[in-house]
Amino acid sequence: MNTNIVYKKNSNCLIEDMDGELLVYDPESATTLHLNNSSMIVLELCDGKRSLTEIIRLVQEAYPGQSEEVEADILALVEDLTSRQVLQAIYP
Amino acid sequence: MPTNWLIEKAGVSIAVECCSFEAERLFDEVFAGLKCQATVQEADVKLSIDFDGGKWLLIDHSADKKTTYNHSGDLAYMLSDRIVFNVADKTEQAHCLHAAAVASQGKAILIPAKSGSGKSSFTCWMVQAGFDYCTDELILLNNHVSKNKSLRYVYRPIQIKPHGIDAITPLLNNQIKHTGNMVNAITVDMLGGDCCEQQELDAGLFVFPRYDKDAGFEFEKLSPAEAGMNIMSNHVNARNLEGHGFREMMSLVRQVPSYTLTYGGFDKLPNNFADTITQAIK
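Reading the values: the criteria
- Residues numbered from 1 in each chain as written.
- Chains lettered and ligands numbered in written order.
- Predicted model: local features only at pLDDT ≥ 70, side-chain atom pairs only at ≥ 80, totals over all residues.
- Heavy atoms only, no water.
- Helix = DSSP H or I, 4+ residues; strand = E, 2+ residues; numbered from the N terminus.
- Rg over C-alpha atoms; globule rule 2.2 N^0.38 Å.
- Buried < 20%, exposed > 50% of the residue type's maximum accessible area, 1.4 Å probe, protein only.
- Contact = heavy atoms within 4.5 Å.
- Areas by Shrake-Rupley, 256 points an atom, 1.4 Å probe, with all protein chains shown as cover.
- Lys, Arg positive; Asp, Glu negative; His and termini not counted.
- Charge placed at Lys NZ, Arg CZ, Asp CG, Glu CD.
- Pairing = 2+ DSSP bridges.
- Axes fitted to C-alpha atoms, helices over the stretch in contact; angles between N-to-C directions.
- Polar contact = N/O pair within 3.5 Å; in protein donor to acceptor, adjacent residues only side chain to side chain.
- 1 Å grid on protein atoms, 1.4 Å probe; cavity = no way out; pocket = protein on both sides within 12 Å on 5 of 7 lines; lining within 4 Å.
- Points joined across faces, edges and corners; volume = space filled by probe spheres on them.
- Nonpolar A, V, L, I, M, F, W, Y, C, P; charged D, E, K, R; others polar.
- Phe/Tyr/Trp six-rings, centres within 6.5 Å; stacked < 30°, edge-to-face > 60°.
- Lys NZ or Arg CZ within 6 Å of the ring centre and 35° of its normal.
- Salt bridge = Lys/Arg side-chain N within 4 Å of Asp/Glu carboxyl O.
- Arc of directions from axis to C-beta.

Engineer: Mind showing me how you'd approach the overall build of chain B here?
Structural biologist: Each helix and strand counted, chain B has seven helices and 16 strands in total. Scaling as 2.2 N^0.38, a compact globule of 282 residues should have a C-alpha radius of gyration of about 19 Å, and chain B matches this with 18 Å. With the principal axes as the frame, chain B shows a C-alpha extent of 55 × 45 × 30 Å. By the burial criterion, 57% of the 282 residues in chain B qualify as buried. Taking all contacts inside chain B whose residues are at least 6 apart in sequence as the whole, residues at least 24 apart take part in 70%. Accessible surface, chain B as shown: approximately 12400 Å² in total, 45% of it carbon and sulfur. In chain B, 26 positive and 34 negative side-chain charges are present, and the distance between their average locations comes to 6 Å.

Engineer: Is there a simple way to think about the sheet that holds strand E5 (residues 47–51) of chain A in this case?
Structural biologist: Hydrogen bonds between backbone groups are what pair the strands of a sheet, and the pairing can be parallel or antiparallel. Residues and elements named next belong to chain A. Pairing within the open sheet is antiparallel, and its three strands lie in the order E5-E1-E6. Every interior strand has two partners, whereas the edge strands, E5 and strand E6 (87–90), have only one. Each strand axis lies, on average, 30° off the axis of its neighbour in the sheet, ignoring direction. For strand E1 (residues 6–9) and E6, the ladder comprises four bridges, and the chain directions are antiparallel. By the bridge assignment for E6, Val 6 is matched with Ile 90. Its contacts with the sheet place helix H1 (residues 37–45) against E1, E5 and E6, and it is angled at close to 95° to E5.

Engineer: In this structure, what is going on with the side chain of Ser 13 of chain B? I would like to understand it.
Structural biologist: Residue and element names in this part refer to chain B. With respect to the helices, strands and loops of the structure, Ser 13 is situated in strand E2 (residues 12–18). In this structure the side chain of Ser 13 is engaged in a polar contact, spanning 2.9 Å, whose partner is the backbone nitrogen of Asp 44. Not counting the four nearest positions on each side in its chain, Ser 13 is found in contact with Leu 6, Ile 7, Glu 8, Ala 43, Asp 44 and Val 45.

Engineer: Explain the sheet that holds strand E2 (residues 14–18) of chain A to me, please; I cannot follow it from the model alone.
Structural biologist: Taken in spatial order, the three strands line up as E2-E3-E4 (chain A) in an open sheet, and their pairing is antiparallel. The sheet is open, and its two borders are formed by E2 and strand E4 (31–35) of chain A, each paired with just one other strand. Each adjacent strand pair in this sheet contributes to an overall mean axis angle of 20°, direction not counted. Note: strand E3 (residues 21–26) of chain A against E4 of chain A, five bridges, orientation antiparallel. Paired with Leu 23 of chain A across the strands is His 34 of chain A, a residue of E4 of chain A. Across the sheet, helix H6 (residues 246–255) of chain B touches E2, E3 and E4 of chain A, and the angle it forms with E2 of chain A is around 10°.

Engineer: I'm lost on the layout of surface pockets in this one. Help?
Structural biologist: Rolled over the atoms, a probe with the dimensions of a water molecule shows which regions are left empty. Residues and elements named next belong to chain B. Within this model, the largest pocket holds a volume of roughly 560 Å³. The wall of the largest pocket is formed by 24 residues, among which Gly 116, Gly 118, Ser 120, Ser 121 and Lys 161 lie closest to the centre. Among the elements that take part in the lining of the largest pocket, helix H3 (residues 119–128) stands out by supplying three residues, more than any other. Its residues assigned to classes, the lining of the largest pocket shows seven nonpolar, eleven polar and six charged. By volume, the second largest pocket is sized at about 350 Å³. For the second largest pocket, the lining is made up of 19 residues, of which Glu 8, Lys 9, Ala 10, Arg 152 and Gln 199 are closest to its centre. When residues of the lining of the second largest pocket are traced back to their parent elements, those giving at least two are strand E1 (3–9), strand E10 (138–142) and strand E11 (150–154). Take the lining of the second largest pocket: its biggest share by element is four residues, from E1. Class assignment of the residues belonging to the lining of the second largest pocket gives a composition of nine nonpolar, five polar and five charged.

Engineer: I'm lost on the packing of aromatic side chains in this one. Help?
Structural biologist: Centre distance and the angle of the planes are the two values used to describe a pair of aromatic rings. Residues and elements named next belong to chain B. Applying the stated rule across the entire model yields 15 aromatic pairs over all chains. For the ring pair Phe 122 and Tyr 263, a centre distance of 6.0 Å and an interplane angle of 50° mean the geometry is tilted. Of the two residues, Phe 122 is situated in helix H3 and Tyr 263 in strand E16 (residues 258–263); the sequence distance between them amounts to 141 residues. Here the two residues Phe 122 and Tyr 263 agree in accessibility, since each one is buried. On the numbers, 5.1 Å between centres and 90° between planes, the contact of Phe 219 with Phe 273 is edge-to-face. Linking Phe 219 in strand E15 (residues 217–221) with Phe 273 in helix H7 (residues 273–280), this pair joins segments that are 54 residues apart in sequence. Accessibility assignment for this pair places Phe 219 and Phe 273 in one class, buried. Among the aromatic residues, ring-to-ring pairing joins Phe 122, Trp 125, Tyr 211, Phe 217, Phe 219, Tyr 259, Tyr 263, Phe 266 and Phe 273 into one connected group. Seen from the ring of Tyr 153, Lys 9 lies directly overhead, with NZ or CZ sitting 5.9 Å from the centre.

Engineer: Mind showing me how you'd approach the pattern of salt bridges here?
Structural biologist: Residues and elements named next belong to chain A. Summed over the entire model, instances satisfying the criterion amount to 16 salt bridges over all chains. Here Arg 57 ties to Glu 61 by a salt bridge, and the two come within 3.0 Å at their closest N and O atoms. With Arg 57 and Glu 61 both in helix H2 (residues 52–62) and four residues apart, this pair spans about one turn of that helix. On the basis of relative accessible area, Glu 61 is assigned to the exposed category, the value being 53%.

Engineer: Help me understand the pairing of E3 of chain A in this model?
Structural biologist: Along a regular strand, successive side chains alternate from one face of the sheet to the other. With respect to burial, E3 of chain A is a largely interior element, five of its six residues being buried. Hairpin geometry of E3 of chain A and E4 of chain A is characterised by an intervening segment of four residues between the two adjacent antiparallel strands and by a positive phi of about 55° at Ala 30 of chain A.

Engineer: Help me understand the environment of Val 6 of chain A in this model?
Structural biologist: Along the chain, Val 6 of chain A falls in strand E1. Beyond its immediate stretch of four places on either side in the chain, Val 6 of chain A contacts Gly 48, Lys 49, Arg 50, Ser 51, Gln 88, Ala 89 and Ile 90 of chain A.

Engineer: How do you make sense of H7 of chain B when you look at a structure like this?
Structural biologist: Think of an α-helix as 3.6 residues a turn; residues three or four steps apart then line up on the same face. Residues and elements named next belong to chain B. Looking only at H7, the buried set comprises Phe 273, Ala 274, Ile 277 and Ala 280. When H7 is viewed along its axis, its buried side chains cluster within an angular range of 125° and face the same direction. Tucked inside the fold, the buried residues of H7 contact strand E8 (107–112), H3, strand E14 (201–211), E15 and E16.

So, in structure tokens, the structure goes:
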């Protein structure tokens, strides 16, 4: 996976903070996605400016000692959210 | 002369024409809970039912489709299916939820679920336990449900598929009159219960049921996010509504408590379960 890519949220998706848990509704597919707290953080960091490398580094700084797990989890999450069209890739 | 009955729900009007004495009697016995009016006026959708030559007949004039059935239970099922489909498909005035509902003290207990998850069977249990029956298929929530939790419903007899009959037979007071190959029509009198007299109720509780023959009993509170996921998967007319009704539904699940029920049969439900449900209503 190319970690130089910048990701942004699909502006068509509706996002609702439900008391610390996030629901993302995609009107195109009429599907709803339930994200936990750590997934919410990654989604918020996908702001169309930061690259995936920067996002991984920021989260690794917040969870020292878990670098490998953090990277693997973020890559899997971003891949999943992209396939569900919640995230859109902006190629450099 | 045929009788026309007018059903008006969430801005959609449906006329049901009963073309014979037998059709009139079936409609009266099975759809009394719809509380519709005799009419001569035109409606958005016109359906006709008849009994001729030992066969039941359903005509959907809007779809230009005529179908015959051997059993009254199957006609009742398909007639209610056409009513429910047309309301859900055409209305822009309500959030349509695929859900059963019963009532207690003016509050609705909503039971949203996919087909096959035991929604109708559990509804039978709720009615025999003393809750008033509203519907086993379609709820019409106020379009601005974040400000007003009121709802209406589309009545139909409780529809039990042939493979589900054994489970509810111990709950029945008398034999099923309107049987079918597709479903059997259960009316509340057979369960010793009553239909809800109020056509408008406030949402008081969500119960998401799941029957699993190997399960015991679990009744667990859901977070608003978990409830929101479940609600949206049972929202059937989202595409007709501004913002797909998402924000309004999320507001509703913040206000109304939600539980999942997993059970392996009515014998697994605790003796005080009806009281537990009543106490959970907000």
